[in-house]
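Structural features, examined
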Amino acid sequence: MSISKAVNSNVTSQNSVEKRLQIERLVGATQIVALSAGSDVVKGLTQTPKSLPPCYFYDDRGSDLFEQICDLPEYYLTRTETTILQQYAGEIAKITGACELVELGSGSSTKTRILLDAYQQLGYPLHYLPIDVCAGMLESSAKQLLRDYPLMQVHALAGTYELALAKLLPTQLPSRMICFIGSSLGNLAPHECNVFFSQITNALQVGEYLLLGIDLRKPKQILEPAYNDSQGVTAAFNLNMLEHLNQRFEGNFDTTQFEHWAFYNESEHQIEMHLRSLRSQIVELHALNLKVNFALGETILTEISRKFDLNTIKLQLTAQGLLPLRMWTDPNQWFGLLLCQLQR
């Protein structure tokens, strides 16, 4: 192929991708002011005990680090859920029929490809709506998907789950499935789960679907290494939250004076991730006009990861009108995948 033909081919391919991609940033000017004001940071760092919202994990570096975590040998969650999807994606596609896929917290959309392949093999059109707060990751992964799936349409939504779910228009396909995989439900406290399920039911029509991935209860000897990997990637991911706050709110967190601490709270059935202060210190976030005192050993709770019982979550979903049609798990029963259908 001549150089000119190669260039023209690349241009044509790029134009094809651009025509099939729509990226909608849901945070407008007024909302940017509200979000960047950091009222959630002020609230979290001035209460006792201190905490920070997990959304501050996900600047561009944080998103990259999380992708690395998913490939770690100790992090069984991604491998186990991937195996379940590989085994049952065809069955999921047959149950739902032609279906628009909406994914919450899409990231690099790696596991989503298993579902896309299943729908493509059945000859169904591919309409994909990835939702993520990290616009950079959203755009790069969407463009790669469009290069790999020449007939797919992508409408990417950059924003929070709440904003994106409220923004969804009726699908042009016969049905819709919202995918919340990767065990992200575990990051929500019980009362937040109920609010989230209400948002899901409001975004779906009767007969449409929710595909939910959940991490199941197991001994802490299995759980704790997944959040304390030997390479220190999870520690870097946790500490990067402080760097994100420094950049966003003109802060002076010294990450060498904090350490990553994660453990399994057996009474609450949840992993807790903290940042622990290694000395008494004062930290300032100038953009928030905030000074925060830390005692030696004081912690900031940055994330919970709840571990579920299948029967309990089935009852909770049913009470919200989301009837579990199928429940799949791995041979060790470490992870569960539920396909639910809205009944009301």
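None of these values were measured; they are calculated from a predicted model. Here the residue index of a chain counts from 1 through its sequence in written order. Residues qualify for local features only when their pLDDT is at least 70, as the model is predicted, and side-chain atom pairs are given and counted only at 80 or more; totals for whole chains, interfaces and linings, by contrast, use all residues. The basis for every side-chain value is the complete set of heavy atoms in the structure, and neither hydrogens nor water enter the calculation.

1. Some thoughts on the packing of aromatic side chains
We call Phe, Tyr and Trp rings a pair once their centres come within 6.5 Å, taking the six-membered ring for Trp, and we label the pair stacked below 30 degrees between planes, edge-to-face above 60, and tilted otherwise. Within the structure shown, the criterion is met by 17 aromatic pairs. Centre to centre, the rings of Tyr-58 and Phe-66 are 6.2 Å apart; their planes meet at 80°, and the pair counts as edge-to-face. Of note, Arg-276 hangs over the ring of Trp-261, and the distance from its end group to the ring centre comes to 4.5 Å. Two conditions define a charge located above a ring, namely a distance within 6 Å from the ring centre to NZ of Lys or CZ of Arg, and an angle within 35 degrees of the ring normal.

2. Quick word on the packing of helix α4 (residues 60-70) against helix α11 (residues 233-249)
Remark: α4 packs on α11, axes separated minimally by 9 Å, with the N-to-C direction vectors making an angle of 160°. In terms of their interaxial angle, α4 and α11 are classed as roughly antiparallel. At the point where α4 passes α11, the crossing takes the left-handed sense. Along the contact surface, α4 presents Arg-61, Gly-62, Leu-65, Phe-66, Gln-68 and Ile-69, while α11 presents Val-233, Thr-234, Ala-236, Phe-237 and Asn-240. The convention used is that axes are lines fitted to C-alpha atoms, helices contributing only their stretch in contact, and that angles between N-to-C directions extend from 0 to 180 degrees. Secondary structure elements are taken from DSSP: a helix is a run of H or I of four residues or more, a strand is a run of E of two residues or more, and numbering for both begins at the N terminus. An angle below 35 degrees is treated as roughly parallel, one above 145 as roughly antiparallel, one from 65 to 115 as roughly perpendicular, and anything else as oblique. Crossing handedness follows the turn of the near helix against the far one: under a right angle anticlockwise gives a left-handed crossing, and clockwise gives a right-handed one. Throughout, a residue-residue contact means that at least one pair of heavy atoms, one from each residue, lies within 4.5 Å.

3. Digging into the sheet that holds strand β9 (residues 270-277)
Any two strands with at least two DSSP bridges between them are considered paired. Taking strand neighbours across the sheet as the criterion, the 4 strands line up as β2-β12-β9-β8 in an open arrangement whose pairing is mixed. In this open sheet, the two edge strands, each paired with only one partner strand, are β2 (50-51) and β8 (258-265). Relative to strand β12 (residues 299-306), β9 runs antiparallel, the two sharing 7 bridges. Bridged to Ile-271 within β12 is Ser-305.

4. Points about the nonpolar core
Put simply, a nonpolar core is a bunch of buried Ala, Val, Leu, Ile, Met, Phe, Trp, Tyr and Cys residues held in one set by side-chain atoms that sit within 4.5 Å of each other. Partly exposed residues are those whose accessible area sits between 20% and 50% of the maximum for their type, while under 20% is buried and over 50% is exposed, using a 1.4 Å probe and protein chains only. Residues Met-177 and Leu-211 are the most contacted members of the largest nonpolar core, which totals 71 residues. Looking at this core element by element, the count peaks at 8 residues for helix α5 (residues 76-96). Contacts of Met-177, omitting those with residues within four sequence positions, involve Ile-92, Thr-96, Cys-99, Glu-100, Leu-101, Val-102, Tyr-119, Tyr-209, Leu-210, Leu-211 and Leu-339. Within the second largest apolar cluster, 30 residues are counted, among which are Ile-200, Leu-210, Leu-317 and Leu-342.

5. Some points on unusual backbone geometry
Following Thr-48, the chain continues into Pro-49 via a peptide bond in cis, with omega recorded as -5°. Inspection of the secondary structure puts Pro-49 in the loop between α3 (39-46) and β2. Of note in the backbone geometry, Ser-183 takes a positive phi value of approximately 65° without being a glycine. Within the fold, Ser-183 resides in the loop between β6 (175-180) and α9 (190-203). Relative accessible area serves as the criterion here: at 7%, Ser-183 is assigned to the buried category. If you check the backbone angles, Glu-250 has positive phi at about 55° while not being a glycine. In this structure, Glu-250 sits in the loop between α11 and β8.

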